[in-house]
Amino acid sequence: GTGTSILSGLDWAIKNRMQVLSMSLGLGYSNPALEKACQKAQEAGCTLVVATGNHGAAKIAYPAAYPFCIAVGAVDSALQLAEFSNYGPEMWVTAPGVNVYSSVIQGNGRLGKLTANRKKFEVTVLQFSGTTTAAGLKAPVLFAGFGTQDDFAGRNFTGAVALLELGEKPGEKIRFAKDAGVAAIMIYNNAPGILRASLGQPFPLPVVSLTQDAGKKLAALAQAGAVEATLSVLPTDHDYYDGTSMACPHVSGLCALVLSANPALTNVQLKEILKNSATDLGDAGWDQKYGWGFINAEKALQTAAQ
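Residues numbered from 1 in each chain as written. Predicted model: local features only at pLDDT ≥ 70, side-chain atom pairs only at ≥ 80, totals over all residues. Heavy atoms only, no water.

Things to note about unusual backbone geometry
Leaving glycine aside, a negative phi is the common case for residues, and trans is the common case for peptide bonds.
Part 1 of the argument: The omega angle of the peptide bond from Tyr-62 to Pro-63 is 15°, so this bond is cis rather than trans.
Part 2 of the argument: With respect to the helices, strands and loops of the structure, Pro-63 is situated in the loop between strand E2 (47-51) and strand E3 (70-75).
Part 3 of the argument: Of note, Leu-79 is a non-glycine position whose phi angle comes to about 60°, a positive value.
Part 4 of the argument: We classify Leu-79 as partly exposed; its relative accessible area is 28%.
Part 5 of the argument: At Lys-169, a residue that is not glycine, the phi angle is positive and equals roughly 50°. (Helix = DSSP H or I, 4+ residues; strand = E, 2+ residues; numbered from the N terminus. Buried < 20%, exposed > 50% of the residue type's maximum accessible area, 1.4 Å probe, protein only.)

Things to note about the pattern of salt bridges
Part 1 of the argument: In this structure the tally under the stated criterion is 3 salt bridges.
Part 2 of the argument: Between Lys-15 and Asp-11 there is a salt bridge, and its shortest N-O distance comes to 3.1 Å. On the criterion of helical spacing, the pair formed by Lys-15 and Asp-11 is a turn pair, its members being 4 residues apart in helix H1 (residues 3-15).
Part 3 of the argument: Asp-213 is paired through a salt bridge with Lys-217; the nearest N and O atoms lie 3.4 Å apart. With a gap of 4 residues between them, Asp-213 and Lys-217 both fall in helix H5 (residues 212-224), about one helical turn apart. (Salt bridge = Lys/Arg side-chain N within 4 Å of Asp/Glu carboxyl O.)

Examining the packing of H1 against helix H2 (residues 32-43)
Part 1 of the argument: Where H1 meets H2, the axes come as close as 10 Å, and the angle between the chain directions of the two elements is 15°. By the angle class used here, H1 and H2 are roughly parallel. Every pair of crossing elements has a handedness; the one defined by H1 and H2 is left-handed. Residues Ile-6, Leu-7, Leu-10, Asp-11 and Ile-14 of H1 form the contact with H2, whose own contacting residues are Ala-33, Leu-34, Ala-37, Cys-38, Lys-40 and Ala-41.
Part 2 of the argument: For the contact of H1 with H2, the class distribution of residues is 9 nonpolar, no polar and 2 charged. (Axes fitted to C-alpha atoms, helices over the stretch in contact; angles between N-to-C directions. Parallel < 35°, antiparallel > 145°, perpendicular 65-115°, else oblique. Left-handed = near helix turned anticlockwise from the far one by under 90°. Contact = heavy atoms within 4.5 Å. Nonpolar A, V, L, I, M, F, W, Y, C, P; charged D, E, K, R; others polar.)

Below, the structure written as structure tokens:
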């Protein structure tokens, strides 16, 4: 979006007496017009819930850094601060922001499914991946090591699904695989956990990732003999995303829930309820990485009812 559209949105929210503003957006610097508009919204009674930013920096983005906003950082399923989540002295609370099922622009999400030798493997589709037909792509799986030029040299990969280990220079190995005439590319992580990545721009071929464990199992099958796979990558309106932009709406929703329980609350009181009901994380009490802690809906409602 543009700065003008953000200012227009804030103005619309004030005129239409909105109570909670969910702002999954940010700038790396303070903007006088934005600051004035946010302060005007806060003074009009709006609660401004804002993402802290996704650079893993000890500096919270604006407008989250303004004192009249609620700065929201992201934690993972283990309640650890996400490596990308900005933090700093303005941090207020944290919320789920890793692997969050999110709405996206229609058709821009991706859903991947893989069956190989009648075994199902969980895959994650890389952002900007190409798609398959609804029936999926049926082709042999050929293991290509780290996907270097030497790994593809002297072998026929035309129409096959290339299985690669992550290693270094993933963009280069994807290009080598495409040049080798593959129909699809699968990359498995070289460390435990899910591999999430972006191709940077729309890519003509389906590209998915597997966990290290699943990838090694599939590589062993491919090296032991023929592996026939059915891979489907279909467009959807939803996808799994990471970001403080995913954490921010969790807090906005909680604010609305608390207001539904006690409509008389002011935005100042609502901000204090989030503080007093949060589950403490990190250093005891407030700290720069987690603020007052992880939002707690049940306790927030109990506090609002008092």
